[in-house]
Amino acid sequence: MENYLNENFSDVKAKNTSEEALQRWRKLCGFVKNRKRRFRFTANLSKRFEAEAIRRSNQEKFRVAVLVSQAALQFIHGLNLSSEYTVPEEVAASGFQICPDELGSIVEGHDIKKLKVHGGVEGIAEKLSTSITDGISTSEHLLNRRKEIYGINKFTESPARGFWVYVWEALHDMTLMILAVCALVSLVVGIATEGWPKGAHDGLGIVMSILLVVFVTATSDYKQSLQFKDLDREKKKITVQVARNGFRRKISIYDLLPGDIVHLCMGDQVPADGLFVSGFSVLINESSLTGESEPVNVNALNPFLLSGTKVQNGSCKMLVTTVGMRTQWGKLMATLSEGGDDETPLQVKLNGVATIIGKIGLFFAVVTFAVMVQGLFTRKLQEGTHWTWSGDDALEILEFFAIAVTIVVVAVPEGLPLAVTLSLAFAMKKMMNDKALVRHLAACETMGSATSICSDKTGTLTTNHMTVLKACICEEIKEVDNSKGTPAFGSSIPASASKLLLQSIFNNTGGEVVIGEGNKTEILGTPTETAILEFGLLLGGDFQAERQASKIVKVEPFNSVKKQMGVVIELPEGGFRVHCKGASEIILAACDKFLNSNGEVVPLNEAAVNHLNETIEKFASEALRTLCLACMEIGNEFSADAPIPTEGYTCIGIVGIKDPMRPGVKESVAICRSAGITVRMVTGDNINTAKAIARECGILTDNGIAIEGPEFREKSDEELSKLIPKIQVMARSSPMDKHTLVKHLRTTLGEVVAVTGDGTNDAPALHEADIGLAMGIAGTEVAKESADVIILDDNFSTIVTVAKWGRSVYINIQKFVQFQLTVNVVALIVNFSSACLTGNAPLTAVQLLWVNMIMDTLGALALATEPPNGDLMKRSPVGRKGNFISNVMWRNILGQSLYQFLIIWYLQTRGKAVFRLDGPDPDLILNTLIFNTFVFCQVCLSTCIRSTEP
């Protein structure tokens, strides 16, 4: 069976499965009792084709719009533009001067001419009754008026299906329909021949059993759907930074309204259609909307931002113009939401198992029916009554047919694929409580097979609560006392050096210091930026004053490939200065001058280089993250299109940032090791910092290797194959180094790899890995969208919990398969052998329906929703090539089946004598005894399977 499943049902992978593979396995499932139920939790391929058609249409539409806007720009400056636009009365009455349709046509159509007619971005802001600096008013009355005119930022979703829809779907089971017809005929014939109520017993029994099966199935499916609905709601929780009433605040993207001023940075998803207000180096990836992979430059000349696209580089302020279903993204998402998730490999495999067993069951059912009918004919021939047929004979044939159909009901394990979904839904709900949000069902089961975890350091193994602990300024190393402030530190720095340092800190940053509600100072930005800005404030600096003193001309945001960021500022006294900040050894290598103890700029000699390198190593060996700050004068002329220089800098100083290890990480790494999972640290930090933290966590052992990204890149494929199994730490790595490591682990070494990531550039590695784990706090929207699981608390211990739940899902499904296959085998053999040898079946149609309900629905609930136990993480991982139905499972299935069959066969042949059944209706009493024995055997079987590991 395993070979058949691998040949026909193994094309579907945990992620990135082709449409052809998804189509192929559906065609192989030829024998399905209830298509609506069997394929409920599989991808709706037709809806996906619709979404792809919308993308192609968008691509052509935006291409034409860009060409038109470029042509318009050539003529627009020489024209006197006059407005022919008339504001609708209801819009004007609400205090606005532009309607939603006009706004939509400007942004979606990239209509430069219309934008100019309305006075550009400032004119649109004025007509939307908003301020480019302060945003919209938060008055409830004004917000409601805005919602009435422009709508809300939500797309249409298909309505939730009620309980009765699931009842209706359960009734679509082909075999239950046939049984319902049999029950109806049995009622009519029975009442006609035996009268009411005796003649109605069999027919009503079947009807009641069918209804019970239908309602139990529908209840289980409905509860399952509610769990998925809760999880979908969690997936959509995305927040953005907006300005309202002059204050910065975080709000849900679904609360955005036209007129809002949104602050976007690299890795963010554009939450609505809008216009660029201000920003630097903004590159937008529109592939999610148009399928076009080439990023688009957005600036004052091309200010159009489209909902659903991603900020690939830079940062900007955006004026929201169009929301919800008025945007192309809203229409696309409404279609995509109906497309569903890809089915998981286990779901597909179990559909294969169900198909095989269904065919076997159908064969046994036909043979059983033929044998019982042949037995009836033989008996009538012997009695000489083969020419006369009564209503009782018709009822007997009908009973034979009902038994045959019920054998198919029992034999086709329709609940197998759904048991996977039930187990996954249960695990996803529990994992949500454990701070892990599963975005793709398949990730649950794949994580159970993981053999390797490549983890980031910052925020995952460490707390991500950073503070500057030490700094080396003007050749002097001093500790920073964050509790008391740093007046002594600041006073010991020469005034010229202090001025340069504060200018660098407050201008060359991706963060911001803002005054929140209640005049409270808030620092916004990444933990690293927050630590540096906090250091600047402790030195007595003023963020707003520094920003106003000089004009920012160009910004190159931090890039994990270059490991640095830079900014060009125009000085108040004239001229331009570049400030650069990043990985210490990289920035130091670009410097040829430094500040001496008097704060003077002097050439960087060998002694100074050695001193600074020793400082970097000293800080790193104390597990401090080191950053170097540098600057350079670049004369009186600079073009914003020119690149920022890469050498000739003056080193201002080096700061050491403390990021303590998370509690419980060392124990979690030890659990992984005992579970056969190798943990590797992949970080952009200095190698000494990485080694210090890795040893503290228990990741780096005596036999392990720590390597730097540049050295790793130079290795050949043959060298990598020998080296990678020993690598435990990779420092100064680029996103492509991480991608290469993951690819080699998966393809060359055949490992199942989980990878953590938080940045935009981590997307390729997250996509390549078997399980991509994005950070919920530090992670960008781009990283989260590429991930399979979002770690909501950014904690490594949560990753171990995900692995534990993954193993639990896998083992629970194995237990349920073992239970269902055993029941199937016994029910088939008992009825088939009895029909062949005695001419009748001991288990009636009604009894078999009861058995089906026990094993299909109640069995799934009992076995597929077992929580994980501590012993799970003491077993070796299944890996990529493990058999799902193992040899131990086959032994248990065959052993249990033989044991149950022998008991029932003994009762059938010797039961009357053993229990001295010589009164009226001994056969009826014996069959009741056999049925009860059979049911109790299944109860014992389920208890046995729950307590043993497959």
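Remember, it's a predicted structure, so these values are computed and weren't measured experimentally.

### Quick word on the overall build of the chain
Summing up its helical and strand segments, the chain has 35 helices and 26 strands in all. For the chain, buried positions account for 54% of its 950 residues. Summarising the internal contacts of the chain: among those between residues at least 6 apart in sequence, 73% fall at separations of at least 24. If you sum the accessible surface of the chain, you get close to 40,400 Å²; carbon and sulfur atoms cover 56% of it.

### Digging into the pairing of strand β19 (residues 624-633)
Burial within β19 is extensive, with nine of its ten residues counted as buried. Bridge analysis of strand β16 (residues 576-583) against β19 gives seven bridges, and the strand direction is antiparallel. Residue pairing across strands places G582 opposite C628, the latter belonging to β19. Across eight bridges, β19 lies against strand β20 (residues 649-658) in antiparallel orientation.

### Examining the packing of aromatic side chains
One pass over the full model with this rule turns up eleven aromatic pairs. An angle of 70° between the planes, with centres 6.0 Å apart, marks the rings of F426 and W805 as edge-to-face. With F426 in helix α17 (residues 415-433) and W805 in helix α32 (residues 796-838), this pair connects stretches of sequence that are 379 residues apart. An identical accessibility class is assigned to F426 and W805; each is buried. Taken together through their ring pairs, the aromatic side chains of F163, W164, Y166, F215 and Y222 make up a single cluster.

### Description of the nonpolar core
Counting residues in hydrophobic clusters, the biggest one holds 60 residues, and the most contacted among them are M447, I771, V789 and F796. Top element by residues in this core is α32. It accounts for eleven residues. Here this core spans two domains, and each of domain 2 (163-228 + 344-425 + 804-947) and domain 3 (436-462 + 662-794) adds at least three residues to it. When residues no more than four places from it in sequence are discounted, the contact partners of F796 are I453, S455, T460, L461, R662, V665, S668, V669, C672 and V679. With 39 residues, the next largest nonpolar core counts A365, V373, A835 and V935 among its residues.

### So, the environment of V655
Relative to the assigned elements, V655 resides in strand β20. In this structure, the C-alpha to C-alpha distance between V655 and K470, residues 185 residues apart in sequence, is 5.9 Å. The residues contacting V655, other than those within four sequence positions of it, are V468, K470, A471, I532, F535, F619, R625, T626, L627 and L629.

### Thoughts on the sheet that holds strand β8 (residues 436-438)
Taking strand neighbours across the sheet as the criterion, the eight strands line up as β8-β26-β25-β24-β9-β21-β23-β22 in an open arrangement whose pairing is mixed. Each edge of the sheet is formed by a strand with only one pairing partner; in this case those strands are β8 and β22 (705-708). Ignoring strand direction, the axes of neighbouring strands in this sheet form an average angle of 20°. Summarising the sheet, strand β9 (residues 452-455) and strand β21 (residues 678-682) pair through four bridges and their orientation is parallel. Residue pairing across strands places I453 opposite V679, the latter belonging to β21. Where helix α29 (residues 735-747) meets the sheet, its contacts fall on β9, β21, β23 (727-731) and β24 (753-757), and the angle it forms with β24 comes to roughly 170°.

### Some thoughts on the side chain of R244
Tracing the backbone shows R244 in strand β1 (residues 239-244). Here R244 falls in the buried class, since its relative accessible area comes to 7%. For R244, the side chain forms a polar contact with the side chain of D260, separated by 2.7 Å. Setting aside anything within four residues of it in sequence, one finds R244 in contact with D134, I136, T138, L143, R249, I251, D255, L256, L257 and D260.

### Observations regarding the UniProt feature "transmembrane region" (unreviewed entry) in the chain
Mapped onto this numbering, the UniProt entry annotates "transmembrane region" (unreviewed entry) at residues 174-192, 204-222, 356-377 and 397-427. Between the C-alpha atoms that bound residues 356-377 there is a distance of 32 Å. The span itself is 100% helix and 0% strand.

### Here's the deal with the confidence of the model for the chain
Detailed conclusions should not be drawn from predicted coordinates in areas where pLDDT is low. Of the residues in the chain, 85% have a pLDDT of 70 or more, and the chain-wide mean is 81. Predicted confidence for residues 76-81 stays below pLDDT 50, and this span has seven contacts to residues more than four positions away or in other chains.

### Regarding the packing of helix α25 (residues 665-674) against α32
Where α25 meets α32, the axes come as close as 9 Å, and the angle between the chain directions of the two elements is 30°. It follows that α25 is roughly parallel to α32 by the angle criterion. Crossing hand, α25 versus α32: left-handed. Along the contact surface, α25 presents V665, S668, V669, I671 and C672, while α32 presents F796, S797 and V800. Here the residues of the contact of α25 with α32 sort into six nonpolar, two polar and no charged.

### Focus: the pattern of salt bridges
This model, assessed by the stated rule, comprises 23 salt bridges. Among the salt bridges present, the one from D101 reaches R326, with a minimum N-O distance of 3.2 Å. Residue D101 is located in helix α6 (residues 100-108), and its partner R326 is located in the loop between β7 (310-322) and α14 (328-336); the two are separated by 225 residues in the primary sequence. Of the charged contacts in the structure, one is a salt bridge between K478 and E476, with a shortest N-O distance of 3.8 Å. Taking relative accessible area as the criterion, K478 reaches 25% and is therefore assigned partly exposed. Taking the relative accessible area as the measure of exposure, E476 reaches 36% and is therefore partly exposed.

### Concerning the environment of E169
Here E169 lies in helix α10 (residues 163-170). Accessibility expressed as a relative area gives 6% for E169, which makes it buried. Sequence separation between E169 and V214 is 45 residues, and the spatial gap between their C-alpha atoms is 8.9 Å.

### Here we look at unusual backbone geometry
Of all residues except glycine, most have a negative phi; of all peptide bonds, most are trans. Positioned with a positive phi, H110 is a non-glycine residue whose angle comes to about 50°. Here H110 lies in the loop between α6 and α7 (112-117). Phi angles above zero are rare outside glycine, and E475 is one such case at about 70°. Within the secondary structure layout, E475 lies in the loop between β10 (467-473) and β11 (476-479). E475 sits in the partly exposed class, given a relative accessible area of 38%.

### Digging into a nonpolar patch on the surface
A cluster of nonpolar side chains, namely W164, M208, L211 and F215, defines an oily patch on the protein surface of about 440 Å² accessible area. Considering each element in turn, the nonpolar patch owes the most residues, three residues, to helix α12 (residues 201-235). Note on placement: F215 falls in helix α12.

### Here's the deal with helix α24 (residues 606-621)
In this model α24 runs 22 Å from its N-terminal to its C-terminal C-alpha over 16 residues, within 8% of the 22 Å that 1.5 Å per residue would give. Among the residues of α24, A608, L612, T615, I616, F619 and A620 are the ones counted as buried. On an axial view of α24, the arc spanned by its buried residues comes to 130°, and they lie on one face. Within α24, the exposed residues directed more than 90 degrees away from the buried face are E606, A607 and E614.

### Concerning helix α21 (residues 527-538)
With twelve residues, α21 extends 16 Å from end C-alpha to end C-alpha; this agrees with the ideal 16 Å at 1.5 Å per step. All buried positions along α21 are accounted for by T528, E529, A531, I532, L533, F535 and G536. Looking at the residues trailing α21, positive phi occurs at G540, about 95°.

### Topic: the side chain of R680
Mapped onto the elements of the fold, R680 is located in strand β21. Nearest to the buried, unbridged R680 among oppositely charged side chains is E751, at 4.4 Å. Beyond its immediate chain neighbours, meaning those up to four positions away, R680 contacts S452, I453, C454, S455, I699, I724, P725, I727, Q728, L745 and E751.

Scoring rules and cut-offs
- Residues numbered from 1 in each chain as written.
- Predicted model: local features only at pLDDT ≥ 70, side-chain atom pairs only at ≥ 80, totals over all residues.
- Heavy atoms only, no water.
- Helix = DSSP H or I, 4+ residues; strand = E, 2+ residues; numbered from the N terminus.
- Buried < 20%, exposed > 50% of the residue type's maximum accessible area, 1.4 Å probe, protein only.
- Contact = heavy atoms within 4.5 Å.
- Areas by Shrake-Rupley, 256 points an atom, 1.4 Å probe, with all protein chains shown as cover.
- Pairing = 2+ DSSP bridges.
- Phe/Tyr/Trp six-rings, centres within 6.5 Å; stacked < 30°, edge-to-face > 60°.
- Core = buried A, V, L, I, M, F, W, Y, C linked by side-chain atoms within 4.5 Å.
- Domains from an automatic or database assignment.
- Axes fitted to C-alpha atoms, helices over the stretch in contact; angles between N-to-C directions.
- Polar contact = N/O pair within 3.5 Å; in protein donor to acceptor, adjacent residues only side chain to side chain.
- UniProt positions renumbered as here; feature names shortened; annotations may be inferred.
- pLDDT = per-residue confidence, 0-100.
- Parallel < 35°, antiparallel > 145°, perpendicular 65-115°, else oblique.
- Left-handed = near helix turned anticlockwise from the far one by under 90°.
- Nonpolar A, V, L, I, M, F, W, Y, C, P; charged D, E, K, R; others polar.
- Salt bridge = Lys/Arg side-chain N within 4 Å of Asp/Glu carboxyl O.
- Patch = residues over 30% accessible without salt bridge, like charges linked within 9 Å, V, L, I, M, F, W, Y side chains within 5 Å.
- Expected span 1.5 Å × (residues − 1).
- Arc of directions from axis to C-beta.
- Lys, Arg positive; Asp, Glu negative; His and termini not counted.

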